[in-house]
Amino acid sequence: MAEINAWLEEVSSSPYAAQLARGFALLRFEKPLEAEFRQFSQRQNYHLRLWYLYFAIAMWLLFAVADQLWAQSGERWWMLLVRMLSLGILISMVRPLQQLKDERKVDRIVIGLLLVLGGGAAVIVAIGHSADQEYPYEGLLLIIFSIYFLTGLRLGQALSVSLLLVVFYALLDIWAGYPPAVLVQNLLFLMSGNLVGAMGSYLLEYKSREHFLNHHLMRELADHDSLTGLHNRRSFNRKFEKLWRQAQRENSELALLLCDVDHFKAFNDCYGHQAGDIALRKLGQVIGNTARRPLDIAVRMGGEEFAVLLYGMNEAQALTHADAMRTAVLALGIDHARSTTAAVLSISVGLACVSPEVAKPMSMLYERADKALYQAKASGRNRVVQWERRP
């Protein structure tokens, strides 16, 4: 457990890692993650719920045949009427369940489906018990187990629906004049089934939530730098290519800021690598704040080198952003006794801005920003230098 917690601390900037570290014994995430999990769960359970509805229709028809074999002649037709009415409702739910995408509405349909199934079964059992105390009621237990394990409902929803059906069954059997001693025995059996189902459903949902967090954490780790939480170079290259094509279509400008921490090797030598990591995290927050719009990207290219890609921003706007970022780094006030540039940690920034025409290579923007960064470092550091075309 200590090793797991230590690993999670290394990626503490991730909300998925933070949730894993906090735990979720009550099957509840923080609000933004909870909404994301429910959408994820909805997508995962879409086909399961459709197949459950088809299965329920088939089993309902099978038990309709069984009713005709087991029930006495007087009750048979009432049972058949309940079966047919319920079947019509079940069939009417197929199309909405296929088309709806809203998670809450789908859950309502599934809960309605289960109430029809369970309620119809309870009515049929009560009809059977009114004439024959030996009429089997165990079909209700099958429905209860299916609620917990086959419908994709969360534990709280499954438990509420199952208990409601048990209460409905009890009321109907009391109305049918079923012997109280036998009814109590049956209820104990059904409640035991609910307990088993709830325990199994808890474990399933817990594992489902754990899978959700691990799945997204692995994807995040593949695309993000674990120290700063910014995009890594591989993710940047992939997104850069997509934004370049989008900028070509929309005739938009792209601005690239390449940033290098001034005298960072001397900082590590003086204060140690742990202090260097802390400094890089703080720098990552400042640089990440520069890329807050949806199509902007902040990336740690490696070591002490960062980059920010700004979409749809001209040279003047990009220059303002770059200088604000440089000033914000100085405002962190991270002491740097070994720096010959400033008393605190500082950065140098190279800026290039282009409008991606079809004929221009994508690598051109990076090459220009890299040249501007070289000029910023050569001319004294702690400054922003914009690439300019030489005559």
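Before any of the text, the structure's been laid out above.
As the structure is a prediction and not an experimental result, all values here were calculated from the model. (Residues numbered from 1 in each chain as written. Predicted model: local features only at pLDDT ≥ 70, side-chain atom pairs only at ≥ 80, totals over all residues. Heavy atoms only, no water.)

With that out of the way, let us pick up the overall build of the chain. Looking only at helices and strands, the chain has 14 helices and five strands in total. In terms of overall size, the chain is more extended than a compact globule, its C-alpha atoms giving a radius of gyration of 32 Å where 391 residues would be expected to give roughly 21 Å. If one aligns the C-alpha atoms of the chain with their principal axes, the spans along those axes are about 100 × 50 × 25 Å. The buried share of the chain, reckoned over its 391 residues, is 46%. (Helix = DSSP H or I, 4+ residues; strand = E, 2+ residues; numbered from the N terminus. Rg over C-alpha atoms; globule rule 2.2 N^0.38 Å. Buried < 20%, exposed > 50% of the residue type's maximum accessible area, 1.4 Å probe, protein only.)

Using the criterion set out here, one finds 17 salt bridges in the structure. Note that E34 and R28 form a salt bridge whose closest N and O atoms lie 3.9 Å from each other. Look at E34 and you get buried, because its relative accessible area is 3%. Two residues, E34 and R38, come together in a salt bridge whose shortest N-O distance is 3.1 Å. Highlighted residues: E34 and R38, both in helix α3 (residues 31-70), separated by four residues, approximately one helical turn. Through salt bridges that share partners, R28, E34, R38, E205 and R209 make up one connected network. (Salt bridge = Lys/Arg side-chain N within 4 Å of Asp/Glu carboxyl O.)

This part takes up helix α11 (residues 264-271). Those residues of α11 not exposed but buried are F264, F267 and N268. Buried residues of α11, seen end-on, are gathered within an arc of 95 degrees and therefore sit on one face of the element. Taken together, the buried residues of α11 touch β1 (254-261) and α12 (273-290). Two residues or fewer after α11 comes G272, characterised by a positive phi angle close to 100 degrees. (Arc of directions from axis to C-beta. Contact = heavy atoms within 4.5 Å.)

Our next topic: the environment of C270. The topology assignment puts C270 in helix α11. Overall, the relative accessible area of 30% leaves C270 in the partly exposed class. Measuring from C-alpha to C-alpha, the distance between C270 and A337 comes to 7.9 Å, with 67 residues separating the pair along the chain.

The next point concerns α12. An ideal rise of 1.5 Å per residue puts 26 Å on 18 residues; α12 measures up with 26 Å between its terminal C-alpha atoms. Looking at α12, one finds that the buried residues are G276, A279, L280, L283, G284, V286, I287, G288 and T290. Buried residues belonging to α12 abut β1, α11, β2 (297-302), β3 (305-311), α13 (315-331) and β4 (347-354). (Expected span 1.5 Å × (residues − 1).)

We now examine the packing of helix α7 (residues 139-149) against helix α8 (residues 155-175). The N-to-C vectors of α7 and α8 enclose an angle of 165 degrees; their axes lie 9 Å apart at closest approach. Relative to α8, the element α7 lies roughly antiparallel. Where α7 crosses over α8, the handedness of that crossing is right-handed. Residues L140, I143, I144, I147 and Y148 of α7 form the contact with α8, whose own contacting residues are L155, A158, L159, V161, S162, L165, V166 and Y169. Here the contact of α7 with α8 is built from residues that sort into twelve nonpolar, one polar and no charged. (Axes fitted to C-alpha atoms, helices over the stretch in contact; angles between N-to-C directions. Parallel < 35°, antiparallel > 145°, perpendicular 65-115°, else oblique. Left-handed = near helix turned anticlockwise from the far one by under 90°. Nonpolar A, V, L, I, M, F, W, Y, C, P; charged D, E, K, R; others polar.)

Once that is clear, we can look at the sheet that holds β1. Neighbouring strands of a sheet are bound in pairs by backbone hydrogen bonds; such pairs are parallel or else antiparallel. With mixed pairing, the five strands of this open sheet are ordered in space as β2-β3-β1-β4-β5. Edge positions in the sheet fall to β2 and β5 (384-386), since each of these pairs with one other strand and no more. Averaged over all pairs of adjacent strands, the angle between their axes in this sheet comes to 20 degrees, without regard to strand direction. Relative to β3, β2 is paired through five bridges, and the arrangement is antiparallel. Paired with R300 across the two strands is F306, which belongs to β3. Helix-sheet contacts for helix α10 (residues 233-250) involve β1, β2, β3 and β4, and the interaxial angle to β2 is about 140 degrees. (Pairing = 2+ DSSP bridges.)

Next up on the list: the pairing of β2. The buried fraction of β2 amounts to five of the six residues, a majority that puts the element mostly inside the structure. What sits between the antiparallel neighbours β2 and β3 is a turn of two residues, in which G303 has the positive phi angle 60 degrees.

Next up on the list: the layout of surface pockets. In this structure, the largest pocket occupies an estimated 400 Å³ of space. Lining the largest pocket we find 22 residues, and of these F63, G139, L140, L142 and I143 sit closest to its centre. Taken together, the elements giving at least two residues each to the lining of the largest pocket come down to α3, α6 (103-131) and α7. Per-class residue counts for the lining of the largest pocket are 17 nonpolar, two polar and three charged. Computed from the structure, the second largest pocket encloses a volume of approximately 320 Å³. The wall of the second largest pocket is formed by 19 residues, among which N45, G152, L204, E205 and S208 lie closest to the centre. Elements with a minimum of two residues in the lining of the second largest pocket: α3, α7 and α9 (180-223). Top contributing element to the lining of the second largest pocket by residue count: α3, with six residues. (1 Å grid on protein atoms, 1.4 Å probe; cavity = no way out; pocket = protein on both sides within 12 Å on 5 of 7 lines; lining within 4 Å. Points joined across faces, edges and corners; volume = space filled by probe spheres on them.)

Among the structural elements, D269 can be located in helix α11. For D269, a relative accessible area of 48% gives the class partly exposed. A C-alpha to C-alpha distance of 8.9 Å links D269 and R338, two positions 69 residues apart in sequence.

For the rest of this paragraph, the subject is the side chain of H231. Within the fold, H231 resides in the loop between α9 and α10. Polar side-chain contacts of H231 include one of 2.9 Å to the side chain of S235. Beyond its immediate stretch of four places on either side in the chain, H231 contacts D223, H224, D225, K239, I297, A298, V299 and R300. (Polar contact = N/O pair within 3.5 Å; in protein donor to acceptor, adjacent residues only side chain to side chain.)

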